[in-house]
Amino acid sequence: MLLKLKSVVFIINKTYIEATNIIWNCLNKNIKNGISIVYNISYRTLYFGYFEAVMEKWSKYLNSTTVGIATNDRFLYTWPINVFKNINQIALPIEHLVNKFEELPVIMVSAGPSLNKNMHFLKEIRNKAVIVAVGSAIKILDSNGIIPHYRFAFDGSEAEENIFKNIDTKSSMLVFCDELYCKILPGYKGKKIRMVLDTGYLLRYIQEDIYKSTFTIKSGFSVANVALDALIKLGFKKIIFIGQDLCFTEGSIHAKGSWNSKKIDVSENNYIKTKNIFDQEVYTDKQFMGMKSLIEDMIDLNSEIEYINVTEGGLNIKGTKVKIFADLMREDLLKEWDIEGIINNIYNEYDLSESSEKIYKAIINIDMEIDKILIENNKRIKFLKKINKYKEREMGTNRLISELDYVKIFENILEENSFYKRSIKNTLAFKFNAIDVNFFYNGSNKREEIESKISIEVGKSLEIERYLKLLKSLIEEFKNNNV
């Protein structure tokens, strides 16, 4: 049986998280062939629940990856448009907020229906905790006359604009990433703070070029996941969740005051029945479960922080203390702070006047790097067309294989370009994997194998060309607007 297998990996004496990471790495390396997971029956009996824990974690990984790929595919050609329209916005880099709030608790306000129960208390404790509104909670709080200290937004879709319609944009600072829908920032009158996401390879490259910084915020299923990672990295020691239902409480998506008040028909097959913290039956979906899994993973990895859940509804979040808001006010929010003063002092410490000029120079440098990449990529496309003609003329198999081996030289040349290696290759990685899987051939027919390799190389080259031509057009527009 072992002779039929290319490789065997034994996972012994590892935690379920370590085991899952090993399996995940195996799949990434063998995505074309797939992997099989097997277990020893006696060990499964001796270590009851271990294999089940591995499989549960594994299913969460798959769910997260599936949603992540779908999101990247949807926004691959939208995010760059937003980036080049937003990048000149004057904003303080979020890393300047690190360790400025060590003693202050922070309340992360999400838009779940349970927010209706205690939203009004937020006015009373505004000087006792930093209040952060994420996503749709921005609109909900504003509709209810509540002013948070910070608002977090990062969605690149046009629907995000609904959150900001008819709200007081002067009252709170906006924490954003440049992938945010491009029509929001020009009309936002309050001060702004820029974050760079770990998946924003174009912005990471620019950030490293301008500020020599590698500080990033982890992307996720929703703005709640992004905001939580930011709050952890900023150094808060007590993080409080409210409105984090992670399910459709009473069939609703959001609390009152949202732009979206539609009800959910839970009779549809794509909803998952589960129990909330009150042991009542509720419905959720894969998106919410992915959010929940990421939140719990972040909590587990940063267990030195105190996490309190005062949502008073929704699903249980592992690693949090469940409290009612009245107890939170009596036990945890006793000291008053000049929070507005602290926030304004942080922002006013830094001179942001030269940022536009630095950004312009960085974009010009990228433009020149793109030209170099396009030249080499075009050479590869021409060479592949030549090999294809040889194949059609029935050139010998060994000669074709030798010619195809030469194609690797083009990839090696591209790898020498830092913008390609650090930005383009990472941005298009999921596209490259899809091409590999789609055209992969695992048989013994050499001509079919050659056909497979040509299709893979052509597919990747055309993806690079399409993406870079979009960047070129956006850079040209950017230069015209900044003459």
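One can find the structure itself at the top, above this paragraph.
Read on for a plain summary of the structure. These numbers were taken from a predicted model, which means no experiment stands behind them. (Residues numbered from 1 in each chain as written. Predicted model: local features only at pLDDT ≥ 70, side-chain atom pairs only at ≥ 80, totals over all residues. Heavy atoms only, no water.)

**Some points on the sheet that holds strand 4 (residues 150-153)**
In spatial order, the strands read 1-6-5-4-3-2-7-10-11; together these nine strands make up an open sheet with parallel pairing. Only two strands of the sheet have a single partner each, and these edge strands are strand 1 (92-93) and strand 11 (321-322). Bridge count between strand 10 (residues 306-309) and strand 11: two bridges; the pairing is parallel. Looking at the pairing, I308 lines up with K321 of strand 11. Helix 10 (residues 223-234) rests against strand 2 (106-109), strand 3 (130-134), strand 4, strand 7 (238-242) and strand 10 of the sheet, and its axis sits at about 170 degrees to strand 2. Here helix 13 (residues 339-348) sits on the sheet and contacts strand 1, strand 3, strand 4, strand 5 (173-176) and strand 6 (192-194); the angle it forms with strand 5, its principal contact strand, is near 55 degrees. (Pairing = 2+ DSSP bridges. Helix = DSSP H or I, 4+ residues; strand = E, 2+ residues; numbered from the N terminus. Contact = heavy atoms within 4.5 Å. Axes fitted to C-alpha atoms, helices over the stretch in contact; angles between N-to-C directions.)

**As for a positive patch on the surface**
Among the surface-exposed residues, K382, K385, K389 and R393 lie close enough to one another that they form a single positively charged patch. Within the fold, K385 resides in helix 14 (residues 355-392). (Patch = residues over 30% accessible without salt bridge, like charges linked within 9 Å, V, L, I, M, F, W, Y side chains within 5 Å. Areas by Shrake-Rupley, 256 points an atom, 1.4 Å probe, with all protein chains shown as cover. Salt bridge = Lys/Arg side-chain N within 4 Å of Asp/Glu carboxyl O. Lys, Arg positive; Asp, Glu negative; His and termini not counted. Charge placed at Lys NZ, Arg CZ, Asp CG, Glu CD.)

**Focus: the packing of helix 9 (residues 201-211) against helix 17 (residues 418-427)**
The angle between the axes and the distance between the axes are what describe a pair of packed helices. Put simply, helix 9 and helix 17 touch, their axes get as near as 8 Å, and they point 155 degrees apart. The orientation of helix 9 with respect to helix 17, classified from their angle, is roughly antiparallel. Listed contacts from helix 17 to Y201, L202, Y205 and E208 of helix 9 are S418, F419, R422, S423, N426 and T427. Here the contact of helix 9 with helix 17 is composed, by residue class, of four nonpolar, four polar and two charged. (Parallel < 35°, antiparallel > 145°, perpendicular 65-115°, else oblique. Nonpolar A, V, L, I, M, F, W, Y, C, P; charged D, E, K, R; others polar.)

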